[in-house]
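Residue strings, one per chain:
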Amino acid sequence: MSQQIKIFDTTLRDGEQSPGCSMNLNEKLKMARQLERLRVDIIEAGFAIASPGDFESVAAIAQTIKDCTVASLSRLVKKDIDASAEALKNAVSPRIHTFIATSDLHMRYKLKMKPEDVLSQIDELVTYARNLCPDVEFSAEDASRSDRDFLCRALERAIRAGASTVNIPDTVGYATPEEMFDLISYIKNNVPNIDKATISVHNHNDLGLGVATSLASIKAGATQVECTLNGIGERAGNAALEEIVMALKTRRDFFDCTTRIDTTQIYRSCTRLARIIGQDIPNNKAIVGANAFLHESGIHQHGVLAKRETYEIMTPESIGIVKNNIVLGKHSGRHAFEDRLVSLGYQLPEEAIAKLFEKFKVLCDRKKDVSDYDLEALVESTSHTPEHYKLDRFVINSGNTIRATAIVRLQIDGREVEDVAIGDGPIFACYKAIEKMSPLNLKLEDYSIRSVTEGEDALGQVSVKVTCNGKTLTGRGLSTDILESSILAYLHAINKFISLEKQA
Ligand SMILES: CC(=O)SCCNC(=O)CCNC(=O)[C@H](O)C(C)(C)COP(=O)(O)OP(=O)(O)OC[C@H]1O[C@@H](n2cnc3c(N)ncnc32)[C@H](O)[C@@H]1OP(=O)(O)O
Ligand SMILES: CC(C)C(=O)C(=O)O
Ligand SMILES: [Mg+2]
């Protein structure tokens, strides 16, 4: 019988450790609901001790998600474990995930602990975690660079203390696929009672091998794999969920493994994440890149026309790319609009649908046909952040021989405010005018624009990264006018800062 592999998604924890990928509470909840629809087995919701915001997100996800286990990360430290247990107290299926490094390098220079003390800490604190939660995962950080026999002793002690999952991370993406295969085989043969625990892997992508080492580990007998959507994560990222899942599905003949994943939710999950964090998926990204199912050259086109399988090993439909024959536009009514939202996987409250329908109608005046991409962009860019700063209107004077001048009028908490500024280009003139109206000390770190759809009336989505008081947040704006999208993106980031400050 095929082996079922558990998919442990850490987009909201390790993924969020990726620079510029921070998400606020609403964004994390939105992603967690999507991960539930994707049917991952475990959602790592955060690191509860890390900050009040992280604690709150773990607690909210634990409370909301019913069909997946919800995990919170903790160092092998009492107060971290307590924070995880507390944040997870309302979860249907909670998991405390606790870790400590087992490599000489980490123990000596980072933890400044003797190996024997690490083992005692495993005995004491895995037991402590197990008394607070029936499901405990233990990770041996930097396992792939650890002394194998010491690693086996650490895993043995963790299982004896009550861990039901032992995770063998390739923390710095150093291992080759063959080495990971050997390591998992060695652990299976040398750790007493290993059959009482699920063997998991968590592989990083520093050498671009994260997916390959994960698949090799599965081949050797690991039955849980930790991964993230789009492969986001610390440094070069983690193994990409969509690549692992589709490799197992497409090459079932080779791996003989299944997952619980609804693969038709993959495309939606990856694009939704990309929109939320404001990081585009590269065109050539495996599975979900824009080019993944395109055929450019004549010989390939000829082959695909003759028989699709000549150049396609999976179908776009299998990851949820669907063509729709009902065209949404200015003459569409609320029923068709709502129906399309549901088919795109959005279950929204009445007021949210009503607000979106209004925006949809405004968009229809500017755009002939509204595609699924437009609609998704509209939903994703509809801010759940209270709009303290709202755009009223703007006027720009710009040209190739003059510096740009922008007059921007805002509603700030209902008050009308206007200012003017000169800048290098129209966008930066607008940003300067906004900065003059705000007491915040804002610094634009990154700006990117992309066309969400095609044609003259395409929607332009602007993503900005802005730093203020040591925090970096992203903002997104969407419009058929790129100057308007740019202003909306900046205001979105400002509104997020203000909401964060009000929460603190
Ligand atoms: C491989 C990974 O992805 S691990 C997860 C990485 N993620 C994060 O670090 C994000 C969240 N982290 C944080 O918010 C903070 O680092 C906190 C709240 C956890 C700790 O903050 P601080 O108390 O200020 O400590 P700081 O981060 O500077 O240093 C880490 C401390 O934890 C210790 N530590 C690190 N890992 C572990 C562990 N697994 N178990 C026990 N102690 C550990 C370090 O030795 C160091 O101890 P010291 O303060 O006695 O020198
Ligand atoms: C905390 C552990 C599982 C981790 O993220 C790593 O080792 O990369
Ligand atoms: Mg990691």
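Just so you know, the residues in each chain are numbered from 1, in the order the chain's sequence is written. Chains and ligands are labelled sequentially in the order written, the chains with letters from A and the ligands with numbers from 1. In keeping with the predicted nature of the model, local features appear solely for residues at pLDDT of at least 70, side-chain atom pairs appear and are counted solely at 80 or more, and the whole-chain, interface and lining totals rest on all residues.

The next thing to look at is the packing of helix H8 (residues 210-220) against helix H9 (residues 241-250). Only the stretch in contact is used when a helix axis is fitted, and all axes are lines through C-alpha atoms; the angle between N-to-C directions ranges over 0 to 180 degrees. In this description a helix means any DSSP run of H or I spanning at least four residues, a strand means any run of E spanning at least two, and both kinds are numbered starting from the N terminus. Here H8 crosses H9 at 45°, and the two axes come no closer than 10 Å. The angle between H8 and H9 places the two elements in the oblique class. Between H8 and H9 lies a crossing of right-handed hand. In this structure, H8 uses Val-211, Ser-214 and Leu-215 to contact H9, whose residues at the interface are Glu-243, Ile-244 and Ala-247. Here is the rule for angles: anything less than 35 degrees is roughly parallel, anything more than 145 is roughly antiparallel, 65 through 115 is roughly perpendicular, and the remaining ranges are oblique. Handedness of each helix crossing follows the sense of rotation of the near helix against the far helix: counterclockwise by less than a right angle gives left-handed, clockwise gives right-handed. Whether two residues are in contact is decided by their C-beta atoms, placed from the backbone, lying within 7 Å.

Residues are counted as near a molecule or strand when the C-beta atom, derived from backbone positions, lies within 6 Å of that molecule or strand. Around ligand 1, the structure places 15 residues, and the nearest of them are Ala-50, Arg-75, Leu-76, Ile-100 and Leu-111. Secondary-structure elements contributing two or more residues to the shell around ligand 1 are strand S5 (94-101) and helix H4 (104-111). We call Asp, Glu, Lys and Arg charged. Ala, Val, Leu, Ile, Met, Phe, Trp, Tyr, Cys and Pro are nonpolar, and the rest, Gly among them, are polar. Among the residues forming the shell around ligand 1, the class breakdown is 8 nonpolar, 2 polar and 5 charged.

What follows is about the site of ligand 2. As a structural note, the neighbourhood of ligand 2 is formed by Asp-14, Leu-73, Phe-99, Ser-139, Glu-141, Asn-167, Pro-169, Thr-171, His-202 and His-204. Elements with a contribution of two residues or more to the shell around ligand 2: strand S6 (136-141) and strand S7 (165-170).

Quick look at the UniProt feature "domain: Pyruvate carboxyltransferase" (unreviewed entry) in the protein now. UniProt positions are given in the numbering used here, feature names are shortened, and annotations may be inferred rather than shown by experiment. Following the UniProt record, one finds the feature "domain: Pyruvate carboxyltransferase" (unreviewed entry) at residues 5-267. Across residues 5-267, the secondary structure splits into 44% helix and 18% strand, with the terminal C-alpha atoms separated by 20 Å.

Across the interface, helix H1 (residues 25-38) lies against helix H11 (residues 266-277) with an axial gap of 10 Å and an inter-helix angle of 170°. Between H1 and H11, the interaxial angle falls into the category roughly antiparallel. Judged by residue contacts, Glu-27, Lys-30, Met-31, Gln-34, Leu-35 and Leu-38 of H1 engage Ile-266, Arg-268, Ser-269, Arg-272, Leu-273 and Ile-276 from H11. By residue class, the composition of the contact of H1 with H11 is 6 nonpolar, 2 polar and 4 charged.

Turning our eyes to something else, we now look at H8. To assign burial, the other C-beta atoms lying within 10 Å of each residue's own C-beta are counted, with C-beta atoms placed from the backbone; 20 or more indicates buried, 12 or fewer indicates exposed, and intermediate counts indicate partly exposed. With 9 of its 11 residues buried, H8 lies for the most part within the structure. Taken as a whole, H8 has its buried residues at Gly-210, Val-211, Ala-212, Thr-213, Ser-214, Leu-215, Ala-216, Ser-217 and Ile-218. Gly-221 occupies a position one or two residues after H8 and carries a positive phi of about 125°.

Moving on: the pairing of strand S8 (residues 198-203). Among the 6 residues of S8, 5 are classified as buried, and the element is accordingly described as predominantly covered. When DSSP finds two or more bridges between two strands, those strands count as paired. Two strands pair when backbone bridges link them, and S7 and S8 are joined in this way by 6 bridges, in the parallel orientation. Across the sheet, residue Asn-167 finds its bridge partner in S8, namely Ser-200. Between the parallel elements S7 and S8, the chain passes through helix H7 (residues 177-190) in a crossover that is right-handed. With 3 bridges connecting them, S8 and strand S9 (residues 224-227) associate as parallel partners. Bridge pairing links Ser-200 to Gln-224 in S9. Viewed along the sheet, the connection from S8 through H8 into S9 turns out right-handed. Handedness of a crossover is defined as follows: orient the strands so they point away from the viewer, and if the path from the first strand over the helix to the second runs clockwise, the crossover is right-handed.

The sheet built from 3 strands is open, its strands ordered S13-S14-S15 with antiparallel pairing. Looking at strand neighbours, the two that pair on one side only are strand S13 (389-397) and strand S15 (415-423), the edges of this open sheet. Along the sheet, successive strands turn relative to each other by an average axial angle of 20°, direction set aside.

With 8 of 10 residues buried, H9 lies mostly within the body of the structure. Residues of H9 that are buried: Leu-241, Glu-242, Glu-243, Ile-244, Val-245, Met-246, Ala-247 and Leu-248. Check the buried side of H9 and you find it contacts strand S2 (6-9), H8, S9, helix H10 (252-255), strand S10 (257-258) and H11.

All right, on to the pairing of strand S3 (residues 42-46) then. The buried fraction of S3 is high, at 5 of 5 residues. Alignment of S2 against S3, held across 2 bridges, turns out to be parallel. Within S3, the position partnered with Phe-8 by the bridge is Ile-42. On the question of chirality, the crossover connecting S2 to the parallel S3 by way of H1 is right-handed. The pairing of S3 with strand S4 (residues 69-75) spans 4 bridges and is parallel.

Under the present numbering, the feature "binding site: Mn(2+)" (unreviewed entry) in UniProt falls on Asp-14, His-202, His-204 and Asn-238. Taken together, the annotated residues stretch across 225 residues yet fold into one region, lying no more than 10.2 Å apart by C-alpha. Examined against the element boundaries, His-202 turns out to sit in strand S8. The exposure class assigned to His-202 is buried, which follows from the 29 C-beta atoms found within 10 Å.

A separate point is the domain arrangement of the protein. One can read the domain layout of the protein as domain 1 (3-277), domain 2 (328-381) and domain 3 (389-503). Boundaries of every domain are those given by an automatic assignment or by a domain database. In this structure, domain 1 and domain 2 have C-alpha centres spaced 37 Å apart. Each partner contributes to the interface: domain 1 provides 7 residues, whereas domain 2 provides 5 residues. With 5 residues, H11 is the single largest residue contributor to the side of domain 1 that touches domain 2. In the side of domain 1 that touches domain 2, the residues fall into 1 nonpolar, 2 polar and 4 charged.

This part takes up the nonpolar core. Nonpolar side chains in soluble globular proteins tend to end up buried together. To count as a nonpolar core, a set of buried Ala, Val, Leu, Ile, Met, Phe, Trp, Tyr and Cys residues must be joined through C-beta atoms within 7 Å. Formed by 99 residues in total, the largest nonpolar core has its most connected members in Ile-43, Val-70, Leu-155 and Ile-244. If we ignore the near neighbours within four places in the chain, the residues touching Ile-244 are Val-211, Ser-214, Leu-215, Val-225, Cys-227 and Ala-239. Membership of the second largest hydrophobic core comes to 27 residues, among which are Ala-429, Cys-430, Ala-433 and Ile-494.

Per-residue confidence for the protein gives a mean pLDDT of 92; residues scoring 70 or more make up 97%. Note on the complex model: pTM 0.82, ipTM 0.98. Note on scores: pLDDT gives the predictor's confidence for each residue, bounded by 0 and 100.

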